[in-house]
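Residue-level listing of the chains:
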2 protein chains.
Amino acid sequence: MTEKKEKILKAALTLFTNDGYNATSTSKVSKEAGVSEGLIFRHFRNKEGLLNAILEEGEKQAKVLFADIVMESEPKEVIRKTLEIGQVMKKNPKEAHFWKLQYKIKWETERYGGKKMEPLHMALRNAFEKLGYAQPAKEAELILINLDGMALHFFLDPDFDLEGQVSFLRSKYEV
Amino acid sequence: MTEKKEKILKAALTLFTNDGYNATSTSKVSKEAGVSEGLIFRHFRNKEGLLNAILEEGEKQAKVLFADIVMESEPKEVIRKTLEIGQVMKKNPKEAHFWKLQYKIKWETERYGGKKMEPLHMALRNAFEKLGYAQPAKEAELILINLDGMALHFFLDPDFDLEGQVSFLRSKYEV
DNA sequence: TGTTTTTATGTGAGTACTTACTTATTGTAC
DNA sequence: GTACAATAAGTAAGTACTCACATAAAAACA
């Protein structure tokens, strides 16, 4: 990975996340990266290839983030850690960039996100099962739906009180 | 409102909702509407004006949709009707178009959606208060966050089981 | 009423500029 | 000196938007 290639990736992540994929031209990316436009196509073949490279990098980061939750054996801890994913974003802005980009791309291009949440879903299902909940699968799905809803507000509504909502949920689940 | 003006609005609603705002050119809209491109600018001044016209029309529809919930006096009915908003979308595809566009625009352009959910939030807050919940405001916010999460899956995940999730939530709130 | 004048609606070709992408050429490290 | 990194200068197609002009509808006046 050359230095300029990394600069392209960084610039594209910023611009795609802030302005959106379609609203960001390869020319803008090259200027932001301080690089000739042609270099983008040499390294990534086309604009979509650049997007895919960023998305793949984000997926790797997500796996690391999820690993800690999936490997947790204490069911209440699984739920608590899941609910607190948002706090991680506040501390780690690059992780937040990747997440935000996921949602932006999902809505802008409607390319289906794949099954990358599946391991988390499984871990939650098992946790709720161990805790004796009547419908563990639905409970797990509800938490993930909640996470998506909170992400919308966290990323797009500057007045959203993330911590307040998370602690409210923690008290609901007693975790 | 002339016939051609309405055709432009209809075509733009479809294209903006399916392909996104930035990915839809005024030329595409004019072709879909069977109208000269210049007419778009005669009626709406620019592309953003066209978007605003559609958004305003959607806001009117949303007010009608919310009115029925806000005026409901039975607290459990307020919650049930709110949870069942998604079912309305399934029956009324044009309403669904407007909703989907709201989310697409929100993520694509990050223009703040305004306070159009405020009356619904209020109604829910009062409902939870009457039912003796400890934190009615947080409960109301949670329901709206849930709605946003379900919307993501409803519009973008073809396998999402909306009815299953809604009836699960209804059983949770006993409504 | 019929005629003229104004206004609203509509077109199609053109504007300057941007888009994603290509190609030919040069720099550079081993 | 070869393989790769990088650039500058292109390309054709597309972009939002404008303009001069045509037609239809409405208003004003005789």
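Residues numbered from 1 in each chain as written. Chains lettered and ligands numbered in written order. Predicted model: local features only at pLDDT ≥ 70, side-chain atom pairs only at ≥ 80, totals over all residues. Heavy atoms only, no water.

Draft legend 1. Region of the structure containing the relation of the copies chain A and chain B. Between chain A and chain B, the superposition needs a rotation of 180° and an axial shift of 0.0 Å, giving an RMSD of 0.0 Å. Such a turn and shift between the copies fits a two-fold axis. Considering only C-alpha atoms, the residue of chain A closest to the rotation axis is Gly149(A), which sits at 2.0 Å. (Least-squares fit on C-alpha atoms with pLDDT ≥ 70 in both.)

Draft legend 2. A look at helix H9 (residues 136-156) of chain B. Here H9(B) is 21 residues long and its end C-alpha atoms lie 30 Å apart, about the 30 Å a rise of 1.5 Å per residue gives. Most of H9(B) is tucked away, with 18 of its 21 residues classed as buried. (Helix = DSSP H or I, 4+ residues; strand = E, 2+ residues; numbered from the N terminus. Expected span 1.5 Å × (residues − 1). Buried < 20%, exposed > 50% of the residue type's maximum accessible area, 1.4 Å probe, protein only.)

Draft legend 3. Highlighting unusual backbone geometry. Residues and elements named next belong to chain A. Phi is positive for Glu 110, which is not a glycine, with a value near 60°. Examined against the element boundaries, Glu 110 turns out to sit in the loop between helix H7 (93-109) and helix H8 (118-130). The exposure class of Glu 110 is partly exposed, given its relative accessible area of 28%. Phi is positive for Glu 174, close to 55°, though the residue is something other than glycine. For Glu 174, the location among the structural elements is in the segment after helix H10 (162-173).

Draft legend 4. Molecular detail of the domain arrangement of chain A. All names here are of chain A. We note that the domain assignment places domain 1 (1-45) and domain 2 (55-173) within chain A. The C-alpha-based centres of domain 1 and domain 2 are spaced at 29 Å. For the domain 1 and domain 2 pair, buried surface summed over both sides reaches about 790 Å², with 63% attributable to carbon and sulfur atoms. For domain 1, the biggest contributors to the area lost against domain 2 are Leu 13, Thr 17 and Tyr 21; these three give 60% of the whole. For the interface between domain 1 and domain 2, the tally reads 0 salt bridges. Inspection of the region where domain 1 meets domain 2 yields 4 residue pairs in polar contact (both at pLDDT 80 or more). (Domains from an automatic or database assignment. Buried area = accessible area lost by both parts, 1.4 Å probe. Salt bridge = Lys/Arg side-chain N within 4 Å of Asp/Glu carboxyl O. Polar contact = N/O pair within 3.5 Å; in protein donor to acceptor, adjacent residues only side chain to side chain.)

Draft legend 5. Quick look at the protein's contact with DNA strand C. Surveying the vicinity of DNA strand C reveals 16 residues, the closest of which are Thr26(A), Lys47(A), Lys4(B), Ser36(B) and Arg42(B). What you see for DNA strand C is that sugar and phosphate hold 56% of its atoms within 4 Å of the protein. Within the contact set of DNA strand C, a phosphate oxygen lies 2.8 Å away from a side-chain nitrogen or oxygen of Lys4(B). Measuring from a base oxygen of DNA strand C, one finds a side-chain N or O atom of Arg42(B) at 2.7 Å. Where the surface near DNA strand C is concerned, the elements lending two or more residues are helix H3 (37-44) of chain A together with helix H3 (37-44) of chain B. No other element matches the 4 residues that H3(B) contributes to the surface near DNA strand C. Taken together, the residues of the surface near DNA strand C sort by class into 3 nonpolar, 9 polar and 4 charged. (Near = heavy atom within 4 Å. Nonpolar A, V, L, I, M, F, W, Y, C, P; charged D, E, K, R; others polar.)

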